[in-house]
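# Fold and geometry: a report
One-letter residues, chain by chain:
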2 protein chains.
Amino acid sequence: MYDLLITGADVLQIEGGAAHVLPRHAIAVAGGRIAAIAPAIDVGLARETIAARGMIAIPGLVNAHAHMAMGLFRGVVEDVPVEEWFNDYIWPLETNLTDEDIYWGALLGLAEMIESGVTCVADHYFAMDEVARAVEESGLRANLAWAVFSGPNEEPTLARTARFVERWQGAAGGRISAWLGPHAPYTCTTDFLARVAVEAGRLSTGIHIHLSETADQVAQSLAAHGKTPVAVAHDAGLFEVPALAAHVAHPTDADVSILASHGVAVAVTPKTEMKLALGVAPVADLRARGVTVALGSDGAASNNSYDMLEAARLVALLEKHTRRDARTMPIGEALALATREGARALGLAGVTGELREGLQADIVLVRHDATHTQPIHSQPATLLYSARASDVDTLIVAGRVLMRGRRLLTIDRRRVMREAARRAARLTSRRSDRRIAHYPA
Amino acid sequence: MYDLLITGADVLQIEGGAAHVLPRHAIAVAGGRIAAIAPAIDVGLARETIAARGMIAIPGLVNAHAHMAMGLFRGVVEDVPVEEWFNDYIWPLETNLTDEDIYWGALLGLAEMIESGVTCVADHYFAMDEVARAVEESGLRANLAWAVFSGPNEEPTLARTARFVERWQGAAGGRISAWLGPHAPYTCTTDFLARVAVEAGRLSTGIHIHLSETADQVAQSLAAHGKTPVAVAHDAGLFEVPALAAHVAHPTDADVSILASHGVAVAVTPKTEMKLALGVAPVADLRARGVTVALGSDGAASNNSYDMLEAARLVALLEKHTRRDARTMPIGEALALATREGARALGLAGVTGELREGLQADIVLVRHDATHTQPIHSQPATLLYSARASDVDTLIVAGRVLMRGRRLLTIDRRRVMREAARRAARLTSRRSDRRIAHYPA
């Protein structure tokens, strides 16, 4: 007996960098996993059925770098350079955040992601017990890292984040994994990074870090350490454990070799990187050299959304534009970055990110019956270049339906929106002189 | 007595390149125009009222370069170089189009645009009587140009398009303007361009043309004529009348001077230009030199949508990225390109593109109450960077409500979708050996 049967869907398959659909297929789910994908499966064998005729079934999208609660600051500062963005706005404002704010901010981000087809998120922020609680309630899959900086409290902070890892690793029925989150080489001393690496080894976990966000950061690192941020992280031992590096917008040739040989995944966040003028990683080049590249939103204070279809579309457009080659980053590859490669980056290859028997049933149904998606000559093209997050109809994680007909089933949408609006006003009405860190100009 | 009163909307105002809203204002409409914008207007004075509390009222978006009926080919060919795209797919497939196909394709595009907040479109295609008929029925505002190429039939074709201009200029209660549409210098001889220029002068109308789409086109023009496509068009006399040039992705310094001094507007279509790797015009530079820049979608065969919020977002992101300056193309400027500057490019400055008393009542109401748009710290930021076309709730052109609560009032959505799907199959099932033109490799 199956727990759930999806019928009549066009089922997206991505092999290598090529996408196609299995037309009008059924997907059977049992024990939270995909039990079968076939042209027809008897509905009598399933406890629950979802008729998906006219919809495309896709692997749940993976957001490989987010700061969910930053949605509370969405639009608070725009059109300023990144050092001003951090030092004059975001880092002072973040000192206003309470644990409860972060809980509600995370729920807001989770609601938006469910509505946008995201089934798995790598979140890197503070008060991560609150975020984990929100993730657990929402039903999403998540990789959670508690951001730590060097400073007078670095030891107790690291100890606290280690306890967070122990507490949440494998929690929520295995949906949550917990990694360490050293913020970046420009906010952490090399000694501290080395201690984080040792701690990650002791905990048998991974690390999620920001690297080489701007050309200035690379220049400053070379001046201070005689090596790039990637080399600093490597030499501190951070790449001896599974590692996920956000941005890496300015890798040197040697950096790419380090990333490839140590299996360090790069999470590119094209909208933030373009909007803050950070530069964007050379995605096709990195992939050609064997680096795993995933896509992220970054926080919605910079993005200003958690729309991973938009991220996939953006990275395809930008790669074609930058390389002046329309053949670069074909549709299947862009969709793979947002799904299978995202899973791989989070250590979840073979667990999620594909629609295959045996994998977790992380499935999204997208309507393709709107004026902006009709007529259809190619379902993958329609998905990447015509569809919108608003076309996501149904979302399933580990076999559990979290949204159906765009109705959220695990999150009280109205309450979350009310809490977010109420907190947003307070969070920005008092601007403290404190900052959580300093961004070098 | 007002015909229509919108109450409680946050009303978008763009002054120069800065955007703000008039919070909770009313907009009164009479005789198709905006009669008043004020904090409160007595609902007893209006025949019809739309309560817009929680929505932002924006000037209708202007799509300054489209080939609407190409939506029928959405997704038919992807990830190939532009010469292959034209010569092996699009131009052979377009020979299959009947006039009736173009009518239904145009209606599909118009439906999508209404649902996406577009109130005015500059369309450049074939069988434009059919397109004009669709525009008239839809209630949209449009600038229509019948594309012409050099060839054995150039004279009768030009004569036919001249009759089209005479027939439709000022039609549909002034909503339609009709210009001539010489396709491009690479598909029209200079003699023919000169005859089009004379004809435009005789008809007191403008011209809409493609210029300098790729670096190769500029090189080929220099080789063939000793001058750039912009100079060819100028020397043919095309800039003696109002002129709208699509793309202009590779202007020389001298080109920019010509465009600025002759008031030639440039329609940039960022998604197509990135996707086909054509290159994208240096928008901020052009504007700094006094060139009017508008935004377009291009056809949905390349775009693959008619989403002008996406176009505005893309151009802002790309300018910031290209110039490595987050201050470039601030929110108000990007929104101005999609509204006021679009109107200016189509000769409609002071007619549409702004929410001001006396202008045509081309008004769009956008919901900002979704998880992806909450909380709001800045309505213009929310609109440009967080909102989606699907958040458009209500659309009004010349005081007439064309969509309310996302329900189309002038187009039979289901019939259009059915016709589009039915025709799409036939249009691609037979591939002829004929092409409508040849793209130089």
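Small disclaimer: the values here were computed from a predicted structure and weren't measured.

Counting 264 residues, the largest nonpolar core has A:Met68, A:Phe239, B:Met68 and B:Phe239 as its most contacted members. With residues up to four places along the chain from it excluded, the contact list for A:Phe239 reads A:Leu211, A:Val230, A:Ala233, A:His234, A:Ile258, A:Leu259, A:His262 and A:Val264.

The next subject is the relation of the copies chain B and chain A. Of the two same-sequence chains, chain B is brought onto chain A (RMSD 0.0 Å, axial shift 0.0 Å) by a rotation of 180°. With respect to symmetry, the two chain copies, as superposed, fit the operation of a two-fold axis. Considering only C-alpha atoms, the part of chain B nearest the rotation axis is B:Ser390, at 3.3 Å.

Here we take up unusual backbone geometry. Residue and element names in this part refer to chain A. For the bond running from Asn303 to Asn304, omega is 0°, close enough to zero to count as cis. Here Asn304 lies in the loop between α11 (300-303) and α12 (308-323). Of note, Ser204 is a non-glycine position whose phi angle comes to about 55°, a positive value. Inspection of the secondary structure assignment puts Ser204 in the loop between α5 (190-203) and β10 (207-211). A relative accessible area of 68% means that Ser204 is categorised as exposed.

To continue, consider the packing of helix α4 (residues 154-168) of chain B against helix α5 (residues 190-203) of chain B. All names here are of chain B. α5 packs onto α4 with a crossing angle of 25° between their chain directions and a minimal axis gap of 11 Å. Taken together, the axes of α4 and α5 are roughly parallel relative to one another. Considering how the two elements wind past one another, α4 and α5 form a crossing that is right-handed. On α5, the residues that touch Glu154, Glu155, Leu158, Ala162, Val165 and Glu166 of α4 are Phe192, Arg195, Val196, Glu199, Arg202 and Leu203. Taken together, the residues of the contact of α4 with α5 break down into 6 nonpolar, no polar and 6 charged.

This part covers helix α16 (residues 413-429) of chain A. Residue and element names in this part refer to chain A. Spanning 17 residues, α16 covers 25 Å between terminal C-alpha atoms, matching the ideal 24 Å at 1.5 Å per step. All buried positions along α16 are accounted for by Val416, Met417, Glu419, Ala420, Arg423, Ala424 and Leu427. Summarising the contacts, the buried residues of α16 are in contact with α1 (82-94) and α2 (99-115).

Moving on to the interface of chain B and chain A. Taken together, the contact pairs 62 residues of chain B with 62 residues of chain A. The three residues of chain B that bury the most area against chain A are B:Asp79, B:Thr371 and B:His377, which together make up 15% of that side's buried surface. At the surface where chain B touches chain A, the tally comes to 6 salt bridges. A salt bridge links B:Asp79 to A:Lys320, with the shortest nitrogen-to-oxygen separation between them at 2.6 Å. Summed over the shared surface of chain B and chain A, the result is 23 residue pairs in polar contact (both at pLDDT 80 or more). Looking at the side of chain B that touches chain A, the elements with two or more residues in it are α2 (99-115), α9 (270-275), α12 (308-323), α15 (379-386) and α16 (413-429) of chain B. Among the residues forming the side of chain B that touches chain A, the class breakdown is 28 nonpolar, 17 polar and 17 charged.

Moving on, we get to the environment of B:Ser221. Residues and elements named next belong to chain B. The residue Ser221 is located in helix α6 (residues 215-225) in this model. The class for Ser221 is buried, based on a relative accessible area of 7%. Considering only alpha carbons, one finds Ser221 and Ala231, 10 residues apart in sequence, at a separation of 9.5 Å. When residues no more than four places from it in sequence are discounted, the contact partners of Ser221 are Gly226, Lys227, Thr228, Pro229 and Val232. A distance of 2.5 Å separates a polar side-chain atom of Ser221 from the backbone oxygen of Lys227.

All names here are of chain A. What the domain assignment lists for chain A is domain 1 (4-58 + 355-408) and domain 2 (61-345). Each partner contributes residues to the interface: domain 1 has 29 residues there, and domain 2 has 29 residues. Buried area between domain 1 and domain 2, both sides added, is near 2200 Å², and the carbon and sulfur share of it is 68%. Applying the counting criterion to the domain 1 and domain 2 interface returns 1 salt bridge. Residue Arg141 pairs with Asp362 through a salt bridge whose shortest N-O separation is 2.7 Å. If you look at where domain 1 meets domain 2, you find 7 residue pairs in polar contact (both at pLDDT 80 or more). Secondary structure elements with two or more residues in the side of domain 1 that touches domain 2: β1 (4-15), β2 (18-30), α15 (379-386), β15 (392-397) and β16 (400-404). Tallying contributions element by element places α15 first for the side of domain 1 that touches domain 2, with 5 residues. Considered class by class, the residues forming the side of domain 1 that touches domain 2 number 21 nonpolar, 3 polar and 5 charged.

For the α-helix, the turn length of 3.6 residues means that residues three or four positions removed from each other point alike. Residue and element names in this part refer to chain B. The end-to-end C-alpha distance of α5 is 20 Å, a good match for the 20 Å that 14 residues give at a rise of 1.5 Å each. The complete set of buried residues in α5 reads Phe192, Leu193, Val196, Ala197, Glu199, Ala200 and Leu203. Angularly, the buried residues of α5 cover 165° about the axis, an arc narrow enough to put them on a single face. Across α5 from its buried face, at more than 90 degrees, point the exposed residues Asp191, Val198 and Arg202. Residues of α5 that are buried make contact with β8 (141-148), α4, β9 (176-182), β10 (207-211) and α7 (229-235). Looking one or two residues beyond α5, the residue adopting positive phi is Ser204, at roughly 50°.

All names here are of chain B. As paired elements, strand β2 (residues 18-30) and strand β3 (residues 33-38) share 5 bridges and run antiparallel to each other. Across the sheet, Ala30 pairs through a bridge with Arg33, a residue of β3. A loop of 2 residues connects β2 with β3, the two strands running antiparallel in sequence, and Gly31 in this loop sits at a positive phi of about 60°.

Another point: the packing of aromatic side chains. Considering all chains together, one arrives at 20 aromatic pairs over all chains under this definition. Aromatic side chains B:Tyr103 and B:Trp104 sit 5.1 Å apart centroid to centroid with 80° between the ring planes, which places their arrangement in the edge-to-face category. Of the two residues, B:Tyr103 and B:Trp104, both sit in the buried class. In this arrangement the basic side chain of B:Arg133 is found over the ring face of B:Tyr103, its NZ or CZ atom lying 4.0 Å from the centre. If you follow B:Lys275 out to its NZ or CZ, it ends over the ring of A:Tyr385, 4.6 Å from the centre.

Rules and cut-offs
- Residues numbered from 1 in each chain as written.
- Chains lettered and ligands numbered in written order.
- Predicted model: local features only at pLDDT ≥ 70, side-chain atom pairs only at ≥ 80, totals over all residues.
- Heavy atoms only, no water.
- Core = buried A, V, L, I, M, F, W, Y, C linked by side-chain atoms within 4.5 Å.
- Buried < 20%, exposed > 50% of the residue type's maximum accessible area, 1.4 Å probe, protein only.
- Contact = heavy atoms within 4.5 Å.
- Least-squares fit on C-alpha atoms with pLDDT ≥ 70 in both.
- Helix = DSSP H or I, 4+ residues; strand = E, 2+ residues; numbered from the N terminus.
- Axes fitted to C-alpha atoms, helices over the stretch in contact; angles between N-to-C directions.
- Parallel < 35°, antiparallel > 145°, perpendicular 65-115°, else oblique.
- Left-handed = near helix turned anticlockwise from the far one by under 90°.
- Nonpolar A, V, L, I, M, F, W, Y, C, P; charged D, E, K, R; others polar.
- Expected span 1.5 Å × (residues − 1).
- Buried area = accessible area lost by both parts, 1.4 Å probe.
- Salt bridge = Lys/Arg side-chain N within 4 Å of Asp/Glu carboxyl O.
- Polar contact = N/O pair within 3.5 Å; in protein donor to acceptor, adjacent residues only side chain to side chain.
- Domains from an automatic or database assignment.
- Arc of directions from axis to C-beta.
- Pairing = 2+ DSSP bridges.
- Phe/Tyr/Trp six-rings, centres within 6.5 Å; stacked < 30°, edge-to-face > 60°.
- Lys NZ or Arg CZ within 6 Å of the ring centre and 35° of its normal.

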